[in-house]
Number of protein chains: 2
Amino acid sequence: QVTGPSGEGTDAVVILEKTPFQEEKVLDLLKKHTKLELQMRNDIYSTYHLYPPLELSEIKTTVVYPATEKHLQKYLRQEVHLIRETWEDYKNITLPFIQSQSFSIQWVYNILEKKAEADRIIHENPDPCNGFVLVPDFKWNQNQLDDLYLIALVHCREVKSLRDLTAEHLPLLRNILQEGKEAIAKRFGVPASQLRIYLHYQPSYYHLHVHFTALGYDAPGSSVERAHLLADVIDNLALDSMYYQKRALTFALRADELLFKKFQEAGRV
Amino acid sequence: QVTGPSGEGTDAVVILEKTPFQEEKVLDLLKKHTKLELQMRNDIYSTYHLYPPLELSEIKTTVVYPATEKHLQKYLRQEVHLIRETWEDYKNITLPFIQSQSFSIQWVYNILEKKAEADRIIHENPDPCNGFVLVPDFKWNQNQLDDLYLIALVHCREVKSLRDLTAEHLPLLRNILQEGKEAIAKRFGVPASQLRIYLHYQPSYYHLHVHFTALGYDAPGSSVERAHLLADVIDNLALDSMYYQKRALTFALRADELLFKKFQEAGRV
């Protein structure tokens, strides 16, 4: 809080960021008047504290001043917790929560019905049951392949998430895996072996969709507590049609999310 | 390349990492003899270059010296491909490869035998069969909890990786999950719900170990193509003792890795 000219407190947001190393300056970092402190040594490994010269220790600083309440909320850290959801939890807590929410997925239907983004469709299998539409994700500007990100949206509207999948969906899932890979190789030249193909649980919207991201891209939501590889999902369903109606699933929730409060009320966190 | 006493060039790997800010030092960063250079201003937004005092500009430095060809390869940037390894692939390609390699894990034995890092041990269960040692990972400097990273190293020396696990290892795995959580809550005050607890496949060394990282930390190797949640591993083994001797597993390999070449030779990529 900064004291303004009127004497009143006025909030400011100060953002500090350590920026990536610049390749051409790394030699300077190692050669110039750099202070080095040994921290620990074991076999051929050792660690040090290195204190670079002033000109190489820049911190990117952004100031928002005066900052509104909205600015403050945007930058306040929220605590995140893991939930291990059993099938009972899903039935008793998560499913009623999903049903009570009126998450609008009109934008998904608009794409499926060609009312929006029709020109962006990369591939379509029009089968109402086992078909899907493949489109670039909003987060990808399509300028470079490094952060390639596409989404397959299924035509059927009854499957909310991983939790609804059974062996009956295997043809659909195999179509997505196979045709998605082929369409991306054909259009973008990215081979299947360089694609991370996965579902989210929890998803951000409850209409089944599959993520295709460049393997070299550290895509948000690709970590183990949220992503499920489509190939694993297919194998699990082939092994046991009811796999996702039996198994506990882990996911992270922010402490201010309503679903988190539902798990708290149920004494499950 | 460093010139050794014999005059020959000897390679070293030097890893430089900017570490997260320590919350309690942020005020110092803003108050102390900190040089500030205005870069741009627009409305309520402005950006600066901030040059912190020396003691707040630490760069974590890890040195591997002398470094083998393998160490060098590990850190060079390379094309990465996904492999979907069946159990047959494991037996015919991966296992013979692991056995043919003599990757030294002396540093692991040093820790288990208290010949190194004994003062760093956070928790130990000394049981030779179901016990383990919990230590901070090299990557964590222990100055802040944001990038908390610990490793549980098992005492038994026969388990190379996830592929060797059966229901017989459930007591060991449950000990690691339970005692690891408790030890971290006790020592660092981080609750279990804020820990990502997982195994890597492929691991970087073939002595079973489990990673504990802060949930809010986007730890390297926590993405779905490499990490396996310990809770999932336990459930899978409880469901089917031979789960990891049946299931295909996906992992990424760099194009220059020997194991990748083995898969290529076998016509599996």
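Predicted model, so just to flag it, every value in this text is computed and none were measured.

A.B. asks: Would you take a moment to explain the packing of aromatic side chains for this structure?
C.D. replies: Aromatic rings in a pair are described by how distant their centres are and how their planes are angled relative to each other. If you walk through the whole model with that rule in mind, you get 15 aromatic pairs over all chains. Ring plane angle 70 degrees and centroid distance 4.9 Å describe the contact between Tyr243(A) and Tyr244(A), whose orientation is recorded as edge-to-face. Here Tyr243(A) falls in the buried class, since its relative accessible area comes to 5%. Linked through ring pairs, Tyr45(A), Trp107(B), Phe138(B) and Tyr205(B) together constitute an aromatic cluster. Between Lys18(A) and the ring centre of Phe21(B), over which it is positioned, the NZ or CZ distance is 4.9 Å.

A.B. asks: For this particular structure, what's the right way to read the confidence of the model for chain A?
C.D. replies: Caution is warranted with low-pLDDT regions, since their predicted coordinates should not be read in detail. Scored by pLDDT, chain A comes out at a mean of 90, with 96% of its residues at no less than 70. As scored by the predictor, the complex reaches a pTM of 0.80 and an ipTM of 0.79.

A.B. asks: Before we go on, may I ask you to explain the domain arrangement of chain A in this structure?
C.D. replies: Bring the parts together and some accessible area is lost; that lost area is often taken as the interface size. Its domain assignment divides chain A into domain 1 (2-74) and domain 2 (77-266). In this structure, domain 1 of chain A and domain 2 of chain A have C-alpha centres spaced 37 Å apart.

A.B. asks: Looking at this structure, how should I read the side chain of His49(B)?
C.D. replies: With respect to the helices and strands, His49(B) occurs in strand E5 (residues 45-51). A polar contact of 3.4 Å, which involves the side chain of His49(B), links it to the side chain of Gln39(B).

A.B. asks: Would you mind going over unusual backbone geometry with me for this structure?
C.D. replies: Trans is the common state for peptide bonds, and a negative phi is the common state for residues other than glycine. With an omega of -10 degrees, the peptide bond between Tyr201(A) and Gln202(A) qualifies as cis. Within the secondary structure, Gln202(A) is located in the loop between strand E11 (195-200) and strand E12 (209-214). The phi torsion at Glu117(A) lies on the positive side, around 60 degrees, for a residue other than glycine. Among the secondary structure elements, Glu117(A) is positioned in the loop between helix H4 (106-112) and strand E8 (123-125). For Gln142(B), which is not a glycine, the phi torsion comes out positive at approximately 65 degrees. Owing to a relative accessible area of 33%, Gln142(B) belongs among the partly exposed residues under this scheme.

A.B. asks: Sorry, what's going on with the sheet that holds strand E6 (residues 59-64) of chain B here?
C.D. replies: Taken in spatial order, the four strands line up as E4(A)-E5(A)-E6(B)-E3(B) in an open sheet, and their pairing is antiparallel. Both edges of this open sheet fall to strand E4 (35-42) of chain A together with strand E3 (13-18) of chain B, since each of them pairs with a single strand only. Across this sheet, the average inter-strand angle for adjacent strands is 20 degrees, counted without regard to direction. Where E3(B) and E6(B) come together, six bridges link them in antiparallel fashion. From the neighbouring strand, Leu16(B) faces E6(B), where its bridge partner is Thr61(B).

A.B. asks: Any chance you could explain the packing of helix H5 (residues 170-188) of chain B against helix H6 (residues 230-239) of chain B here in plain terms?
C.D. replies: Residues and elements named next belong to chain B. Closest axis-to-axis distance for the H5/H6 pair is 10 Å, and the angle between their directions is 155 degrees. By the angle between their directions, the pair H5 and H6 is classed as roughly antiparallel. Here the hand of the crossing between H5 and H6 comes out left-handed. The segment H5 lies against H6, with Leu-170, Leu-173, Arg-174, Ile-176 and Leu-177 engaging Leu-230, Val-233, Ile-234, Leu-237 and Ala-238.

A.B. asks: Hey, could you run me through the side chain of Arg120(B) in this one?
C.D. replies: Residue and element names in this part refer to chain B. Position of Arg-120 relative to the elements: it lies in the loop between helix H4 (106-112) and strand E8 (123-125). For Arg-120, the side chain forms a polar contact with the main-chain oxygen of Pro-136, separated by 2.8 Å. With residues near it in sequence (within four places) discarded, Arg-120 still touches Leu-134, Val-135, Pro-136, Asp-137, Phe-138 and Gln-142.

Definitions and cut-offs
Residues numbered from 1 in each chain as written. Chains lettered and ligands numbered in written order. Predicted model: local features only at pLDDT ≥ 70, side-chain atom pairs only at ≥ 80, totals over all residues. Heavy atoms only, no water. Phe/Tyr/Trp six-rings, centres within 6.5 Å; stacked < 30°, edge-to-face > 60°. Buried < 20%, exposed > 50% of the residue type's maximum accessible area, 1.4 Å probe, protein only. Lys NZ or Arg CZ within 6 Å of the ring centre and 35° of its normal. pLDDT = per-residue confidence, 0-100. Domains from an automatic or database assignment. Helix = DSSP H or I, 4+ residues; strand = E, 2+ residues; numbered from the N terminus. Polar contact = N/O pair within 3.5 Å; in protein donor to acceptor, adjacent residues only side chain to side chain. Pairing = 2+ DSSP bridges. Axes fitted to C-alpha atoms, helices over the stretch in contact; angles between N-to-C directions. Parallel < 35°, antiparallel > 145°, perpendicular 65-115°, else oblique. Left-handed = near helix turned anticlockwise from the far one by under 90°. Contact = heavy atoms within 4.5 Å.

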